[in-house]
Amino acid sequence: MTSYDVEAVRRDFPILQQLVHDQPLVYLDSAATTQKPRVVIDALSQYYLQDNSNVHRAAHALADRATTGFENARKRIAQFINSPKPEQIIWTRGTTESINLVAASYGRVALQPGDKILVSTLEHHSNIVPWQLIAAERGATVIPIPLDNRGDLDLDAYAALLDERVKIVAVNQVSNALGTVNPIKSIVQSAHAVGAKVLVDGAQAIAHFPVDVQDLNCDFYAFSGHKAFGPTGIGVLWGRESLLEQMPPYQGGGEMIESVSFSGTTFNQLPYKFEAGTPDIAGAIGMAAAIEYLGNLDRAAVQAHEAALLAECIERGEEMGLRRVASPRHAAGIYSFLLPGAHPSDVGTILDQQGVAVRTGHHCAQPLMAYLGVPGTVRASLSIYNNHEDIDRFFNAMAKVKKFLL
Ligand code: PLP
């Protein structure tokens, strides 16, 4: 184990200090949503207790404070992912909306009949379906990048799929179902060599390791507040400025316009062109508080801590006869497994009775489950606040599951 002070981190998360079914809560479902530290909860209540107002264009103190908090939050996120400018941070409802925005706006102008969009077999439905929708509209096709036998992307197959008809490559940085960490920089390099743009789904990456969009050299990066200790309902699309400038608005309404008349409407500058309507102001402020909290941790120590917990899961799972559904060469935060002879949902239910929260099913990755030939898995996902006792309780609970079900 590392010197990382996980107990101090746990104390920052009030929700963890509770019993579930009379047992200490073991929260192993952070890939679905992370828990929130007190600083985030306080930032949300502070905003509603003191500052609540609508943002921009108002002549009073509360609106001023709300606007400052909202725009400072944008700057905070920009710094966190090393965006050249805060204007490249577009607030959305989350990863799903960020991807839909790019598909609907960029996809509509960039795709011609016969063009191709590559997505990986590892993708969450939210990085597949938006592309299918725009592909159907534009006469393009969505083509999956296959995996190798360990659950990593098959990079040779990827290279063979790339040609000048590929306009978009959409891949996650970390798979929510297997934890696979994808080699984004080399994926981007090969895509750019044929003129394709790359969208990275960072939903699962952002909480596990530092992300630098300039270093990745991707064209779009999407992530959600709630998967990185922030509130639900808020997320970010980061985009390359030259692309965002040329993209048409995604939704129409207030805020995204410069002037409106019946003879023609002109649109606001970045980022507001893509932010129609009243935004989730508290959410943005809460998300920035979460990012601040995460940024103040020793990220290398967090990574080492989570890696040690994952290694323990893999080792103890093997000893217990659990079947890990894939063994990617580089994985982050996810232990996805089956108990041979038992249905994943039964395993999940009996774990819950012992206070252990996991997720079961297809994890919004049905094409991946079909590829692996399984209906679903049991997924234990790890985060900054999990400790060795959590893993111990999880495996003790699994021993009881085994006795009960087999
Ligand atoms: N992409 C990945 C890899 C995810 O894990 C998720 C959520 O589980 C999403 C996208 C969708 O995120 P959201 O529901 O926050 O929009």
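Residues numbered from 1 in each chain as written. Predicted model: local features only at pLDDT ≥ 70, side-chain atom pairs only at ≥ 80, totals over all residues. Heavy atoms only, no water.

J.: I'd like to hear about the pairing of strand β9 (residues 220–224), residue by residue, with values.
T.: Buried residues dominate β9, accounting for five of its five residues. What you see with β9 is no split at all: Phe220, Ala222 and Ser224 on one side and Tyr221 and Phe223 on the other are buried throughout. By the bridge criterion, three bridges tie strand β8 (residues 197–201) to β9 in an arrangement that is parallel. Bridge pairing links Val200 to Tyr221 in β9. Direction of pairing for β9 relative to strand β10 (residues 235–239): antiparallel, over a ladder of five bridges. From the neighbouring strand, Ser224 faces β10, where its bridge partner is Gly235. (Buried < 20%, exposed > 50% of the residue type's maximum accessible area, 1.4 Å probe, protein only. Helix = DSSP H or I, 4+ residues; strand = E, 2+ residues; numbered from the N terminus. Pairing = 2+ DSSP bridges.)

J.: Talk me through the pattern of salt bridges; I want residue IDs and the actual numbers.
T.: Side chains that differ in charge, positive against negative, can pair when their charged atoms come close. This structure, assessed with the given rule, holds 21 salt bridges. Between Asp215 and Lys185 there is a salt bridge, with the nearest N and O atoms lying 2.9 Å from each other. Of this pair, Asp215 sits in helix α8 (residues 213–216) while Lys185 sits in helix α7 (residues 184–193); the two residues are 30 residues apart in sequence, bridging distant segments of the chain. Here Asp215 falls in the partly exposed class, since its relative accessible area comes to 41%. Assessed through its relative accessible area of 44%, Lys185 is described here as partly exposed. Between Asp219 and Arg240 there is a salt bridge, and its shortest N-O distance comes to 2.7 Å. A residue pair is termed long-range when its members are at least 10 positions apart, and Asp219 in the loop between α8 and β9 and Arg240 in the loop between β10 and α9 (241–246) qualify at 21 residues. (Salt bridge = Lys/Arg side-chain N within 4 Å of Asp/Glu carboxyl O.)

J.: Just give me the short version of the nonpolar core, but keep the residues and values in it.
T.: Of all hydrophobic cores here, the largest spans 82 residues; its most connected members are Ile81, Trp91, Val169, Tyr221, Phe229 and Ile384. Per element, the largest residue contribution to this core is 11 residues, and it comes from helix α10 (residues 281–295). Dropping the residues within four chain positions of it, Tyr221 is found in contact with Gln173, Val200, Gly202, Ala205, Ile206, Val211, Val213, Leu216, Val236, Leu237 and Trp238. (Core = buried A, V, L, I, M, F, W, Y, C linked by side-chain atoms within 4.5 Å. Contact = heavy atoms within 4.5 Å.)

J.: How would you sum up the pairing of strand β6 (residues 141–145)? Please name residues and give values.
T.: For strand β5 (residues 116–120) and β6, the ladder comprises five bridges, and the chain directions are parallel. Within β6, the position partnered with Leu118 by the bridge is Ile143. Tracing the backbone out of β5, into helix α5 (residues 129–138) and back to the parallel element β6 gives a crossover that is right-handed. (Right-handed = clockwise from strand over helix to strand, strands pointing away.)

J.: For the domain arrangement of the chain, give the residues involved together with the corresponding values.
T.: It is common to give the size of an interface as the accessible area lost on bringing the parts into contact. Partitioning the chain into structural domains gives domain 1 (6–32 + 298–405) and domain 2 (42–295). Between domain 1 and domain 2, the C-alpha centre-to-centre distance is 28 Å. Summed over both sides, the interface of domain 1 with domain 2 buries roughly 2,800 Å², with 54% coming from carbon and sulfur. The largest contributions to the domain 1 side of the interface with domain 2 come from Arg299, Arg329 and Leu368, which together make up 25% of the buried area. Joining domain 1 to domain 2, the criterion identifies two salt bridges. (Domains from an automatic or database assignment. Buried area = accessible area lost by both parts, 1.4 Å probe.)

J.: Tell me about the sheet that holds β6, and please be specific about residues and values.
T.: Judged by pairing direction, the sheet is mixed, and its seven strands sit side by side in the order β4-β10-β9-β8-β7-β5-β6 without closing on themselves. A strand with exactly one partner marks an edge of an open sheet, and here the two such strands are β4 (89–92) and β6. When the angles between neighbouring strand axes are averaged without regard to direction, this sheet yields 20 degrees. (Axes fitted to C-alpha atoms, helices over the stretch in contact; angles between N-to-C directions.)

J.: So what about the packing of helix α4 (residues 95–110) against α5? Which residues, and what values?
T.: It is at 9 Å that the axes of α4 and α5 come closest, and there the two elements cross at 20 degrees. Judged on the interaxial angle alone, α5 and α4 are roughly parallel. The handedness of the crossing between α4 and α5 comes out as right-handed. Mapping the contact onto sequence places Ile99, Asn100, Val102, Ala103, Ala104, Gly107 and Arg108 in α4 and Pro130, Trp131, Ile134, Glu137 and Arg138 in α5. (Parallel < 35°, antiparallel > 145°, perpendicular 65-115°, else oblique. Left-handed = near helix turned anticlockwise from the far one by under 90°.)

J.: If you had to explain the layout of surface pockets to someone new, which residues and values would you point to?
T.: When its volume is computed, the largest pocket comes out at roughly 380 Å³. Around the largest pocket, the lining is made up of 24 residues, and of these Thr96, His124, Ser126, His226 and Lys227 lie nearest the centre. Residue assignment for the lining of the largest pocket shows that the elements contributing at least two residues are α4 and β16 (359–361). Counting residues per element, the lining of the largest pocket draws most heavily on α4, which supplies three residues. Residues that form the lining of the largest pocket fall into these classes: five nonpolar, 13 polar and six charged. Structurally, the lining of the largest pocket is a two-domain feature, drawing no fewer than three residues from each of domain 1 (6–32 + 298–405) and domain 2 (42–295). Together, 16 residues line the second largest pocket, and Trp91, Thr92, Arg93, Glu97 and Ala276 are the ones closest to its centre. Elements supplying a minimum of two residues to the lining of the second largest pocket: β4 and α4. (1 Å grid on protein atoms, 1.4 Å probe; cavity = no way out; pocket = protein on both sides within 12 Å on 5 of 7 lines; lining within 4 Å. Points joined across faces, edges and corners; volume = space filled by probe spheres on them. Nonpolar A, V, L, I, M, F, W, Y, C, P; charged D, E, K, R; others polar.)

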